Structure formats: C-alpha cells, structure tokens
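These are the residues of each chain, in order.
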Amino acid sequence: MQLGTIKEIWRFPVKSMFGERVGSAQIESAGFADDRTWAIRDDETGEIATGRRIPSLMMLKARYLTEPSTGFGPAAQSRIEIEFPDGRCISSNDPYASAILSMFTGKRVSLIQRPAASDKKPYRLAQPMSPSEIRYVLGMKADDPDPDFSSFSLKVLATLSKYTTPPGAFYDVYPLHFITTAALDTMNGIYPEGNFCPERYRPSFVIETHPDLSGIVENDWRGRDLRIGDAVIRCNHPTIRCSMPGTAQPGIHKDPKVPLTVMQHAGQHLGAYATPRNRARIRVGDSVELVPQAGGKLYLWFDEVGRRAKSKIIGVGNHIAEFQEKQTRQSPTVKAALLNGFRSFTVVKRDQESSDTVSFWFKDPERPELPRFVPGQHIVLAMPQADGSHVYRPYSVSSPGHQQDTYRISVKRETATVDGKTITGKGSGWLHDQLAVGDSLAIKDPGGQFAAVPTDNTPLALISAGIGITPFLSILQSLAAENPEREVRLFHGIRDPQDFAFRQSLTALQQQLPNFHLQLFVSQPGADLPVGGTAGRMTPEQVINALATTDQYEFLICGKPAFSKAFHDGLIAEGIAAEHLHFESFGTSLATDDGDQTAYRISFTESRQTLNWDPKQESLLSFAEEQGIDAASGCRYGACQACEATLLSGEVSYPEDIQPPGGKNKVLLCSARPKSDLEIEL
C-alpha cells in the first residue's frame, strides 16, 4: 500500500538542540549515523542532559562544521557549531564551549561526543524519575491516570530504568522517530493557533501522506513495516508526547496548549517510533509503502495480551513508587550541612592588595584541574557561623578563566555606620579576620550570566567602581592569554589613590594588550592624582564621550547596586540598546516589582497551605516567611541558590538581572514572583 513520499529528513547534531534539514540520510542499525553525535552532560548529576531537564537547550541550534567520519562511537569524530538565540555562535573546539553552555543554561554542563556502547557509565541514570516528576514532564496533572508505557518492549523498559539513553546512542527510546503530514494537518485543524509543524517534534523524517489519508494514521501502523526506497523500518508504536513540544524553540512560539491538545484529542500520541530492519540510504522524495504482513491479526492479538499484562505490572510498580515517594516527603529530614553543588576547597594563598582589600586563592584537593569558567563569573562561598549555620556570599573570580589549578577572589572589607558605630559586613569581615592559609571552605563552582567570552571579538566597554573591578581583572587577564588584539576600554572609579587596588596588575596588562585603554576617575584625588586620571566622579556621559562610536560595544557594569543602576539607566538614556548592557550588583536585584497586582493562589504542598499572593511582597521567599513557612535561604539575591525549591505547577517571573535555575521545575524563591497560580513543594 502506497502511503506517500518522504517530505523532509532531519538530523540533530546535538541532543535536545535544534537541527538541520538534509537531502538524504544513511540508516544504520542504531538510526541515522550522523544524528545526535554530541550531547550535553549535567556535571552535577553525571547524566546526559535532555530538554526535559534543561528546557533552555531547546532554544539552541546546532550544525556540523565537519561531518562525522564514520558510523557510531568515538570514531565518528566531527566538529559542530552551536548558535545561541542572540545569533552568536561557538564551535565545539572553542576551549570555553562547555563554560559558555554552563553560563547559558545556569547549570554546570559539558559538551561531549557520543561514547562507545561498551562504555555504559556516561549513559547511566543518577536516579530514576519519580512518578510525580514523570507526570510533570508529560504535562499531566497529579490526579491524571498513570501514563501508559505498556507499548514499550520489556527490553526497552529495562533500558529506560537504568539509562538516560540506550548505551551507544543519544536517542531517547528507539533509533528513529517519524511523523506524517496527515497527523499534523489533523492537529492544526483542531487548534490552528498551535502551529503544529514538524520542527516542534524533532522527527527523523516527515512522511507527506496521500490526500486520501487523514487522521493520525501512523497509530494504525504499529507492528508493521514501511519500505522507504531500499530501506525497511519497523513501526514500533505511537510516540508518547511530553510537554516539550509546547516550549519555545527557534522560530516557534511557546504554547502550553499544544501538548494539552495532543493529550485531549490524540491520547497523548503523535508520530511513531521505528527501528531499522536493514542498512540503506533514504532520500527526500522516496516513496513510502506499507509492507503487507502475514498473520497481522494474530500479531495484534498477542501484542494486546502482552500490553495488558505489562500495563498491570507497570501499574503496580507505579503505586509502590508513589507510596515510597510520599513516605520520603512525609518523613522528618535533617537538613544537610551544605547545599548541593558545594565542594570543600582549601585556602592556599592570601595577599593584601590594598589597605582594605585581600585576595584569596582556593584549591580543590580532589580536582587537580578545576572547571574552566567564562571570565566575569562568580563563585559562592558558604561561611560557617558560630550557631552552625552558614552565610552565603558570591564573589567574582579575579583570576583568568583558563587558570584551572586555583580560583582567586579579591574581597574588600565592607563597613557601614549604624547609630554611630562602625559595622563590618558578615561575609567580608569573616574572610578578612578569620580565613587563613590552610583553612577549608565550602565553595560552589563559578556561575552567573555576567561574563565576557574571551574568544569573541566584540569591543568591550568595562565600567566599574571600587572593588567592582574584580571581574574585569579576570576578563583582561584571559584576553592577554587568548585574544590580546581585542579592543577593550576600562572606565574605573576610585575614591582616592590609596584605594587603587591592582594598580600594578593593570599597568602590566596595558603592556600585554595593545588595544586596552584605561581611564581612571578619582572622586577625592587630593594632591596625588595619578597620571592620566580624571578628578571627580565618573558619569555615563563621560563614558559615551570617550568612545568614538558606541554601536559595536558590549557594555559591562560592575559596582554597588546604586552605581550599577545609575549607569544602566544613564547609558540607556544616552541611546545604548538594553541588549548591549550587562550589569553585576551583588546585594540586591535591580528590580523587584513587576507591576502584576493579581492575587494568585499559591499552594505550599509540604505546609498544606493555599494562600492568596500579596503583590506588595518582594518575592515568594518573603511571602512564605510572612506566612510562617520555613524556607532555606542564603544570599537572598539569586546567586547562591540556597532557596531553590521544586515548582510543581505554574509560572514565575524573575528580574532581568537574575539567572533562573537550570531545571524546568525549579524556582528561586528569593527572586521569583508568580505569573499564575502556583504549586510549590515547600
């Protein structure tokens, strides 16, 4: 029976990223030989990451710069390029590739090539998904019926229970996945606004069905063979759809109603999984034929009997897992001394940079080589207190990104006058007065969105005041080693010449970077104004006037909140586009009130309270504390992630200077405000 022709063939160089159309593809036993030869690994769990775990991966595009040389496994060497939503690209041989992807996703990740099937460790699950998490990923409500996985073979179910993907491949379940135009047309007819296009579903290929075929026709091909040119594939069963096709993708808008429509009108199935029956090449335009099958009714009868038996077994397993999950939630827990993601580092060096600034060097005894970071990012320190608690503070790394034996931070002693008394900051005071060489401290690896990629060539305008220069030291040192010709202008403000920390370092950098220009502003110069310095406070107008043109520059601003906000707003008033401005201001967010005055319903499942959101509250953390709900917290401005909680349903918003957590169902309570009714595991 003739079904139609091959309309499109897709390959996806990196798992969970947008791919590229091709005219033909070689089918091997494990699918397309050049499909998903790369993936992202979550370094915190060791698992291969997916769009379900890290949705932001779905917004990235990947294409081959050099084709895989042969087949599957490590021999299939290739080079790829990844394009970000703003149009910038990185290649897989960029030494900062993994660090840049970590910055984009908000999680420590690595870009890896597909390991051999014999190396099973990279494919293993850290822990199986819980029933509630499976429902969340599939876009189901808590009281929906159990998802039906009885169509999967016992071998597939066994594999999925142990591995993120089958060893030797980066596909989720079966080697191939296809969808028909008949199915897409049917869904577009039900919900035209949903834009049911093939790209939403990341298929291996699209079959353009004959006009006389309508409906979700691939559902009827389960257990049948398709002949495509010289290739023969077995249709395993309809594809179970999760919530991911409703997320934003390149050129495709976010629409939660898309997966909901599939659930309501297609039984959560759209498209079909398939397994190759032989090795062959398929091409766009090849005819697609449904192969006659002897004993088809008998096959379907046995298949149905097997599905019913597996469904009962799976159902019992789900109920046991749900009971165990519930018991775990209800059982009293002892909070860990440190949060996930922190490691024990040792202080190996301490230097006095100026009268009030000290640099500390940290080494991880268990890792001789630390993760490379993007210069400008920060680490978070967990400083122990007398009562056993910890104070969490983020500090910019002041060492270069390529220096992987130690991390350096440079900390100014912060003081304030309260009721006539001088008060020292909890974090900076503890570091200055108590932290010595040889001491151990819990530290979280570098993170944050404030950074400059050394291998990029966009001119930089760096604007800082006081100790705000620390991330720029890292940037300048990295450029000196890896891209010395890049144009950089540093505008730095200090109070008086005695406060000028890192003077010698900056002088040395001027010798190493031919296109680096420093302009120093001294607000209280006295009689000792440095050569080339400007008396008085720096202003946005002075920065703009010093630049011959502003069109090509990326602006990075770092200082105290008032300074960062003043320059951010001032540069926008001078005509600088907001997308070219990046700022760092530890201590508070630059924005809290999003203007939404809706009294959303907030359900705290652990506390068994459902409350009306108070729009006057700064964040979900302050709202929870107001209601007497215990919530962990640290820095309270989105850096340390101590307040991360599980978001069971709903959507939240963050200020523009906050990086949301990497997981789809995670929320930073200290910085988030509701955009809908919420269910939070707290």
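What you see is a predicted model, and the numbers here were worked out from it, not measured in a lab.

**Describing the overall build of the protein chain**
Reasoning step 1: Broken down by element type, the protein chain carries 12 helices and 37 strands.
Reasoning step 2: Considering only intrachain contacts with a sequence separation of at least 6, the fraction spanning at least 24 residues in the protein chain is 71%.
Reasoning step 3: For the protein chain, the computed accessible surface area is about 30400 Å², with 49% contributed by carbon and sulfur atoms.

**Thoughts on the side chain of Thr 406**
Reasoning step 1: As for its position among the elements, Thr 406 is in the loop between β20 (390-396) and β21 (407-412).
Reasoning step 2: Within the local environment of Thr 406, its side chain forms a polar contact with the side chain of Gln 403, the two groups lying 2.9 Å apart.
Reasoning step 3: Other than its neighbours up to four places away in sequence, Thr 406 contacts Val 348, Trp 361, Phe 362, Lys 363, Leu 370 and Ser 399.

**Observations concerning the sheet that holds strand β27 (residues 516-522)**
Reasoning step 1: Taken in spatial order, the six strands make up an open sheet running β28-β27-β26-β25-β29-β30, and their pairing is parallel. Each edge of the sheet is formed by a strand with only one pairing partner; in this case those strands are β28 (534-535) and β30 (581-584).
Reasoning step 2: In terms of strand pairing, strand β25 (residues 460-465) meets strand β29 (residues 554-558) through five bridges, oriented parallel. Considered in β29, the bridge of Ala 461 is made with Phe 555.
Reasoning step 3: Each of β25, β26 (488-494), β27 and β29 touches helix α8 (residues 470-482); the most contacted strand, β25, lies at about 145° to it.
Reasoning step 4: Sitting on the sheet, helix α9 (residues 503-512) is in contact with β26 and β27, with an inclination near 150° to β27.

**Notes on the pattern of salt bridges**
One side chain can pair with another of opposite charge once the charged atoms of both are near each other.
Reasoning step 1: Tallied over the full model, the rule gives 32 salt bridges.
Reasoning step 2: In this structure, Asp 86 and Arg 88 form a salt bridge, with 3.8 Å as the shortest nitrogen-oxygen distance.
Reasoning step 3: Since its relative accessible area comes to 58%, Asp 86 is described here as exposed.
Reasoning step 4: The exposure class of Arg 88 is partly exposed, given its relative accessible area of 36%.
Reasoning step 5: Lys 254 is the partner of Glu 651 in a salt bridge, and the nearest nitrogen-oxygen pair spans 2.9 Å. Highlighted residues: Glu 651 in the loop between β33 (644-649) and β34 (652-653) and Lys 254 in the loop between β13 (231-240) and α5 (257-266), separated in sequence by 397 residues.

**Some details on the confidence of the model for the protein chain**
Reasoning step 1: In this model, the protein chain carries an average pLDDT of 86, and 86% of its residues clear a pLDDT of 70 or more.
Reasoning step 2: Mean pLDDT values for the elements of the protein chain range from 49 in helix α6 (residues 296-330) up to 98 in strand β11 (residues 205-209).
Reasoning step 3: For residues 319-325, every residue scores under 50 in pLDDT, and the model assigns this stretch eight contacts once sequence neighbours within four places are set aside.
Reasoning step 4: For the stretch residues 327-337, pLDDT sits under 50, and the model shows seven contacts to residues farther than four places along the chain or on other chains.

**Remarks on the packing of aromatic side chains**
Reasoning step 1: Counted according to the given criterion, the structure contains 17 aromatic pairs.
Reasoning step 2: Ring centres 5.8 Å apart and planes at 75° place the aromatic pair Phe 373 and Tyr 407 in the edge-to-face group. Of this pair, Phe 373 sits in the loop between β18 (357-363) and β19 (378-384) while Tyr 407 sits in strand β21, placing them 34 residues apart in sequence. Comparing Phe 373 with Tyr 407 shows no difference in burial state: the two are buried.
Reasoning step 3: When the ring centre of Trp 361 is taken as origin, the NZ or CZ atom of Lys 349, which lies over that ring, is 4.5 Å away.

**Some points on the side chain of Thr 181**
Reasoning step 1: Inspection of the secondary structure puts Thr 181 in helix α4 (residues 181-190).
Reasoning step 2: By relative accessible area, Thr 181 is classed as buried at 12%.
Reasoning step 3: In this structure the side chain of Thr 181 is engaged in a polar contact, spanning 3.0 Å, whose partner is the backbone nitrogen of Thr 209.

**Re unusual backbone geometry**
A negative phi holds for most residues other than glycine; trans holds for most peptide bonds.
Reasoning step 1: Its identity is not glycine, yet Ser 16 carries a phi of approximately 75°, on the positive side.
Reasoning step 2: With phi around 70°, Phe 502 is a residue other than glycine that occupies positive phi space.
Reasoning step 3: Given the relative accessible area of 3%, Phe 502 is considered buried.

**Structural notes on the pairing of strand β14 (residues 269-276)**
Reasoning step 1: Of all eight residues in β14, six are buried, a share of seventy percent or more.
Reasoning step 2: Pairing analysis gives three bridges linking strand β10 (residues 176-180) to β14, with the strands arranged antiparallel. Looking across to β14, one finds that His 177 is bridged to Tyr 273.
Reasoning step 3: Inspection of the sheet shows β13 paired to β14 by six bridges, in the antiparallel sense. By the bridge assignment, His 237 is partnered in β14 with Tyr 273.

**Structural notes on the packing of α8 against α9**
Reasoning step 1: It is at 10 Å that the axes of α8 and α9 come closest, and there the two elements cross at 30°. In terms of orientation, α8 lies roughly parallel with respect to α9. The hand of the α8/α9 crossing is left-handed. Along its contact with α8, which presents Leu 473, Leu 476, Gln 477 and Ala 480, the element α9 presents Ser 505, Leu 506, Leu 509 and Gln 512.
Reasoning step 2: In terms of residue class, the contact of α8 with α9 is made up of five nonpolar, three polar and no charged.

**Some thoughts on the sheet that holds β18**
Reasoning step 1: Spatially, the six strands line up as an open sheet ordered β20-β19-β24-β17-β18-β21, and their pairing is antiparallel. One side of each edge strand has no neighbouring strand; the edge strands of this open sheet are β20 and β21. Taken pair by pair, the neighbouring strands of this sheet meet at an average axis angle of 40°, ignoring direction.
Reasoning step 2: Of the strand pairs in this sheet, β18 and β21 are connected by six bridges, and their pairing is antiparallel. Directly across from Phe 360, in β21, lies its bridge partner Ile 409.
Reasoning step 3: Relative to the sheet, helix α7 (residues 426-434) contacts β17 (342-354), β18, β19, β20, β21 and β24 (440-447), its axis offset from that of β20 by approximately 85°.

**Quick notes on the environment of Gly 570**
Reasoning step 1: Looking at the element boundaries, Gly 570 is found in helix α11 (residues 561-573).
Reasoning step 2: You can call Gly 570 buried: its relative accessible area is 16%.
Reasoning step 3: Separated by 30 residues in the primary sequence, Gly 570 and Pro 540 place their C-alpha atoms 5.6 Å from one another.

**Quick notes on the pairing of β25**
Reasoning step 1: Counting buried positions along β25 yields five of six residues, so the element is predominantly enclosed.
Reasoning step 2: Bridge count between β25 and β26: six bridges; the pairing is parallel. Each residue of the ladder has a partner; that of Leu 462, found in β26, is Leu 490.
Reasoning step 3: With α8 bridging β25 and the parallel β26, this β-α-β connection has right-handed handedness.

**Section: the environment of Gly 271**
Reasoning step 1: Among the structural elements, Gly 271 can be located in strand β14.
Reasoning step 2: The class for Gly 271 is buried, based on a relative accessible area of 0%.
Reasoning step 3: Excluding residues within four positions of it along the chain, Gly 271 makes contact with His 177, Phe 178, Ile 179, Glu 218, Asn 219, Pro 238, Thr 239 and Arg 241.

**Digging into the environment of Glu 47**
Reasoning step 1: As for its position among the elements, Glu 47 is in the loop between β5 (38-42) and β6 (61-66).
Reasoning step 2: When its relative accessible area of 7% is taken as the criterion, Glu 47 is described as buried.
Reasoning step 3: With sequence-adjacent residues up to four places away left out, Glu 47 is seen in contact with Ile 40, Arg 41, Asp 42, Arg 53, Arg 124, Leu 125, Ala 126, Gln 127 and Thr 164.
Reasoning step 4: Only 2.5 Å separates the side chain of Glu 47 from the backbone nitrogen of Ala 126, close enough to count as a polar contact.

Scoring rules and cut-offs
- Residues numbered from 1 in each chain as written.
- Predicted model: local features only at pLDDT ≥ 70, side-chain atom pairs only at ≥ 80, totals over all residues.
- Heavy atoms only, no water.
- Helix = DSSP H or I, 4+ residues; strand = E, 2+ residues; numbered from the N terminus.
- Contact = heavy atoms within 4.5 Å.
- Areas by Shrake-Rupley, 256 points an atom, 1.4 Å probe, with all protein chains shown as cover.
- Polar contact = N/O pair within 3.5 Å; in protein donor to acceptor, adjacent residues only side chain to side chain.
- Pairing = 2+ DSSP bridges.
- Axes fitted to C-alpha atoms, helices over the stretch in contact; angles between N-to-C directions.
- Salt bridge = Lys/Arg side-chain N within 4 Å of Asp/Glu carboxyl O.
- Buried < 20%, exposed > 50% of the residue type's maximum accessible area, 1.4 Å probe, protein only.
- pLDDT = per-residue confidence, 0-100.
- Phe/Tyr/Trp six-rings, centres within 6.5 Å; stacked < 30°, edge-to-face > 60°.
- Lys NZ or Arg CZ within 6 Å of the ring centre and 35° of its normal.
- Parallel < 35°, antiparallel > 145°, perpendicular 65-115°, else oblique.
- Left-handed = near helix turned anticlockwise from the far one by under 90°.
- Nonpolar A, V, L, I, M, F, W, Y, C, P; charged D, E, K, R; others polar.
- Right-handed = clockwise from strand over helix to strand, strands pointing away.

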